[in-house]
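Geometric and topological summary
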Amino acid sequence: MGKMPDTVSTHDNTGLLVLAVDDEAPGLSEIKFLLESSPHIRRVLTAFDAAEALRILRGDYEQEVMARTKAGLPPVDAVFADINMPGLSGMDLARVLSAFRYPPALVFVTGVEERDALVTAFDVGALDFINKPINEERVLKAISRVADRVGRTAAPANPAGPAAQNPAEPTDDEVIPVELGGTIKLVPRASVRYVEAQGDYARLHTQDGSHLVRIPLAQLEERWANAGFVRIHRSYLVALPLVSELRMTANGYAVVIGTGDGAKELPVSRRHTKELKERIVRPPKSGW
């Protein structure tokens, strides 16, 4: 696994947007307090585990995070994460962040017994680490390193520049954390055949099964539009490259996803039929 590329930010003179991740409430409160004490920090988001952190970084809860991602920027300027967490560990989180097109800077918060993991931590792109018990001076030093990196790699302040005109498209490496039997599983977006709306949730259907995630279908439709996913019905979003057939049925049009025994037929609503036909015959974008 290569190191993460340098961070690009929009923080300018208003300070950094950072995310603190710790499964222990006292530890999370402490790091949040110390981060907020720095003049470099504008705002601190918090998460109690890595899965929640990834949902925040996807923009599930924060419009500011989603806006930054659409502009081709990191979702936050930096992530301060505990290494030892249940489910997805801090190292697992680091590996996911390394797949982001524009990853945030990463600072690990580590106990003495976890120091052996630091070599691996830097292999996955960590900028710095803070030992527990947390020392205010050490936190401020780590913040300064983050600020220096962000300052060196800040994007030009040109609202009409390429990043504003052409927001970065999601990469095929995006993964979605799902809870399965008390554990966290990472589902690659590239493995998703279609998505089914279930209230405020969505069910991701892959060749191996399905997974319920706490993301509205409309949000996935917007986020995955440039990755080849298209809405065909109020209840369905499909991976267009996997559509093998568009057929007329007694109830209207339907699409077939895949071929052979694993093929799945899904209805197409009238309002989406015209756009779907156009998308099917239109030459695909590069990268689909």
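Residues numbered from 1 in each chain as written. Predicted model: local features only at pLDDT ≥ 70, side-chain atom pairs only at ≥ 80, totals over all residues. Heavy atoms only, no water.

With that settled, consider the packing of helix 2 (residues 50-57) against helix 4 (residues 90-97). Where helix 2 meets helix 4, the axes come as close as 10 Å, and the angle between the chain directions of the two elements is 25°. By the angle class used here, helix 2 and helix 4 are roughly parallel. As helix 2 packs across helix 4, the resulting crossing turns out to be right-handed. The segment helix 2 lies against helix 4, with A50, A53, L54 and L57 engaging L93, V96 and L97. In the contact of helix 2 with helix 4, the residues fall into seven nonpolar, no polar and no charged. (Axes fitted to C-alpha atoms, helices over the stretch in contact; angles between N-to-C directions. Helix = DSSP H or I, 4+ residues; strand = E, 2+ residues; numbered from the N terminus. Parallel < 35°, antiparallel > 145°, perpendicular 65-115°, else oblique. Left-handed = near helix turned anticlockwise from the far one by under 90°. Contact = heavy atoms within 4.5 Å. Nonpolar A, V, L, I, M, F, W, Y, C, P; charged D, E, K, R; others polar.)

Here the focus is the pairing of strand 10 (residues 209-213). Pairing geometry for strand 9 (residues 201-206) and strand 10, over five bridges, is antiparallel. Residue T206 lies in a different strand from strand 10, and its bridge partner there is G209. Adjacent in sequence and paired antiparallel, strand 9 and strand 10 are bridged by two residues. (Pairing = 2+ DSSP bridges.)

The next thing to look at is the UniProt feature "modified residue: 4-aspartylphosphate" (unreviewed entry) in the chain. Residues given the UniProt feature "modified residue: 4-aspartylphosphate" (unreviewed entry) here are D82. Along the polypeptide, D82 turns up in strand 3 (residues 78-82). (UniProt positions renumbered as here; feature names shortened; annotations may be inferred.)

One open sheet holds the five strands; their spatial order is 2-1-3-4-5, and the pairing between them is parallel. Strands at the two margins of the open sheet, each flanked by one partner only, are strand 2 (41-47) and strand 5 (128-131). Averaged over all neighbouring strand pairs, the angle between strand axes comes to 20°, with direction disregarded. Alignment of strand 3 against strand 4 (residues 105-110), held across five bridges, turns out to be parallel.

Turning our eyes to something else, we now look at the packing of aromatic side chains. Applying the stated criterion across every chain yields a total of two aromatic pairs. Aromatic pair W224 and F229: ring centres 4.8 Å apart, planes at 50°, arrangement tilted. Accessibility classification places W224 together with F229 in one group, the buried group. Of note, R138 hangs over the ring of F129, and the distance from its end group to the ring centre comes to 5.9 Å. (Phe/Tyr/Trp six-rings, centres within 6.5 Å; stacked < 30°, edge-to-face > 60°. Buried < 20%, exposed > 50% of the residue type's maximum accessible area, 1.4 Å probe, protein only. Lys NZ or Arg CZ within 6 Å of the ring centre and 35° of its normal.)

In this section: helix 2. The buried count for helix 2 comes to seven of eight residues, which makes it a mostly enclosed element. Sitting at the head of helix 2, D49 places a side-chain oxygen 3.2 Å from the backbone nitrogen of A51. Just downstream of helix 2 lies G59, where phi reads positive at about 90°. (Polar contact = N/O pair within 3.5 Å; in protein donor to acceptor, adjacent residues only side chain to side chain.)

Here the focus is the nonpolar core. With 25 residues, the main nonpolar core has L19, V21, V76, V79, L93 and L106 as its most contacted residues. Among the secondary structure elements, those contributing two or more residues to this core are strand 1 (16-21), strand 2, helix 2, strand 3, helix 4 and strand 4. For V76, the contacting residues outside a window of four places in its chain are L17, V18, L19, L45, L57, V65, R68 and P104. Within the second largest apolar cluster, 23 residues are counted, among which are A78, I143, V146 and V150. (Core = buried A, V, L, I, M, F, W, Y, C linked by side-chain atoms within 4.5 Å.)

Here we take up helix 9 (residues 270-281). Here helix 9 is 12 residues long and its end C-alpha atoms lie 18 Å apart, about the 16 Å a rise of 1.5 Å per residue gives. Buried residues of helix 9: H272, T273, L276 and R279, and no others. When helix 9 is viewed along its axis, its buried side chains cluster within an angular range of 140° and face the same direction. Of the exposed residues in helix 9, the ones pointing more than 90 degrees away from its buried face are R270, K274 and V281. Against the buried residues of helix 9 lie strand 11 (229-233), strand 13 (243-249) and strand 14 (252-257). (Expected span 1.5 Å × (residues − 1). Arc of directions from axis to C-beta.)

Before going further, it helps to spend a moment on the pattern of salt bridges. Using the criterion set out here, one finds 15 salt bridges in the structure. E36 serves as the salt-bridge partner of K32, at 2.7 Å between the closest nitrogen and oxygen. In this pair, K32 and E36 are both assigned in helix 1 (residues 25-36), four residues apart and thus about one turn of the helix distant. On the accessibility criterion, K32 (28% relative accessible area) is partly exposed. Under the relative-accessibility criterion, E36 is labelled partly exposed at 43%. The shortest N-O distance in the salt bridge between E64 and R43 comes to 3.0 Å. With E64 in helix 3 (residues 63-70) and R43 in strand 2, this pair connects stretches of sequence that are 21 residues apart. (Salt bridge = Lys/Arg side-chain N within 4 Å of Asp/Glu carboxyl O.)

Right, let's talk about the sheet that holds strand 13 for a bit. Taken together, three strands build an open sheet; the order of strands is 13-14-15 and the sheet is antiparallel. Edge positions in the sheet fall to strand 13 and strand 15 (264-267), since each has one partner strand and no second. When strand polarity is set aside, the average angle formed by the axes of neighbouring strands in this sheet is 30°. Pairing analysis gives four bridges linking strand 14 to strand 15, with the strands arranged antiparallel. Note that in strand 15 the partner of I257 across the bridge is K264.

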